[in-house]
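# A closer look at the structure
Letter by letter, the chains look like this.
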Amino acid sequence: SQEDEPHAARKQAILKAHPEIKDLMGPEWRTKYMVAGTVSLQVFMAWLTLSWSWLAYIAAVYVVGATANHSLFLAIHELSHNLGSKSISQNKLIAMVANFPICIAYSITFKPYHMDHHRYQGDDDLDTDIPTVWEGKLITLSSMGYADHCLRKALFMLCQ
C-alpha cells in the first residue's frame, strides 16, 4: 500500500473534531482488576468442570472459555500499547498474568511485532500482519479453507 499508516491521521482528525476525547486517553486503571477477574474465572471454570459430562464441558469451554480467552487476548493487545498502567514494567506483568490461561507464552514477544504492524501498516514487506507470499500460497492452495487458515495463522503467530 502506498498510503500512510491510518491511525495517526484518524487520531488527529478525531481530536480536532472532539478535543474532549483526550480526557479518555491513557492507561485504564481497572485493567489489572479485569485481567485478574478473567484469569480467576478461567481457573475456577477449569476446576468446576472437572466432573462435568463432555457435552456440558464443551458448551462451557465454547461459551465461557472462548469469551474469557478473547477478553484476555484483547487485554494483552491493549497492554502492548501500555494502556493498563503508567509503568511499562507493570503493563508487562499484567500482560503475563493475562497470558497465564492461554498456555502459549506470547504476551512479551507480541509487542514488538504488533508495534511493527502499526509502524509499517500496509507495507507488504514490513507489516507483520500481512502474510508472506509463501504463507499466502500455503493458505490459498489448501483444501480445508478457512479453518485451515485460522490454524496456520495461529501457528505462524506462535513462530514469530
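A few points on the structure.

Further remarks concern the overall build of the protein. Along the protein, the regular secondary structure elements total 7 helices and 0 strands. Written out in order from the N terminus, the α and β elements of the protein read α-α-α-α-α-α-α. With 160 residues in all, the protein has 24% of them scored as buried. By sequence separation, contacts in the protein at least 24 residues apart represent 53% of the contacts at least 6 residues apart. By element, 66% of the accessible surface of the protein is carried by carbon and sulfur atoms, the whole surface being about 11600 Å².

On the surface, W52, W54, Y57, I58 and V61 cluster together into a nonpolar patch covering about 530 Å² of accessible area. On the accessibility criterion, I58 (45% relative accessible area) is partly exposed.

The next point concerns the packing of aromatic side chains. Inspection of every chain in the model, using the stated rule, returns 5 aromatic pairs. Ring plane angle 40° and centroid distance 5.8 Å describe the contact between F44 and W47, whose orientation is recorded as tilted. Linking F44 with W47, this pair stays in helix α2 (residues 31-48), spanning 3 residues, or about one helical turn. Assessed through its relative accessible area of 41%, F44 is described here as partly exposed. A residue is classified by how much of its surface remains accessible, and W47, at 56% relative accessible area, is exposed. Judged by centre distance (5.6 Å) and plane angle (85°), the ring pair of W54 and Y57 falls under edge-to-face. One end of the pair is W54 and the other is Y57, both in helix α3 (residues 54-80) and 3 residues apart, which spans about a single turn.

This part takes up unusual backbone geometry. Generally, phi is negative for residues other than glycine and the peptide bonds are trans, each holding for most cases. For N82, which is not glycine, the phi torsion reads 60° and is therefore positive. Counting through the fold element by element, N82 comes out in the loop between α3 and α4 (88-99). Accessibility expressed as a relative area gives 22% for N82, which makes it partly exposed. Phi at C103 takes a positive value of approximately 75°, unusual for a residue other than glycine. Along the chain, C103 falls in the loop between α4 and α5 (107-119).

Quick look at the pattern of salt bridges now. Within the structure shown, the criterion is met by 2 salt bridges. Where R30 meets E28, a salt bridge forms, and the shortest distance between an N and an O atom there is 2.7 Å. Assessed through its relative accessible area of 42%, R30 is described here as partly exposed. Between R119 and D116 there is a salt bridge, with the nearest N and O atoms lying 2.8 Å from each other.

What counts, and where the lines are drawn
- Residues numbered from 1 in each chain as written.
- Predicted model: local features only at pLDDT ≥ 70, side-chain atom pairs only at ≥ 80, totals over all residues.
- Heavy atoms only, no water.
- Helix = DSSP H or I, 4+ residues; strand = E, 2+ residues; numbered from the N terminus.
- Buried < 20%, exposed > 50% of the residue type's maximum accessible area, 1.4 Å probe, protein only.
- Contact = heavy atoms within 4.5 Å.
- Areas by Shrake-Rupley, 256 points an atom, 1.4 Å probe, with all protein chains shown as cover.
- Patch = residues over 30% accessible without salt bridge, like charges linked within 9 Å, V, L, I, M, F, W, Y side chains within 5 Å.
- Salt bridge = Lys/Arg side-chain N within 4 Å of Asp/Glu carboxyl O.
- Phe/Tyr/Trp six-rings, centres within 6.5 Å; stacked < 30°, edge-to-face > 60°.

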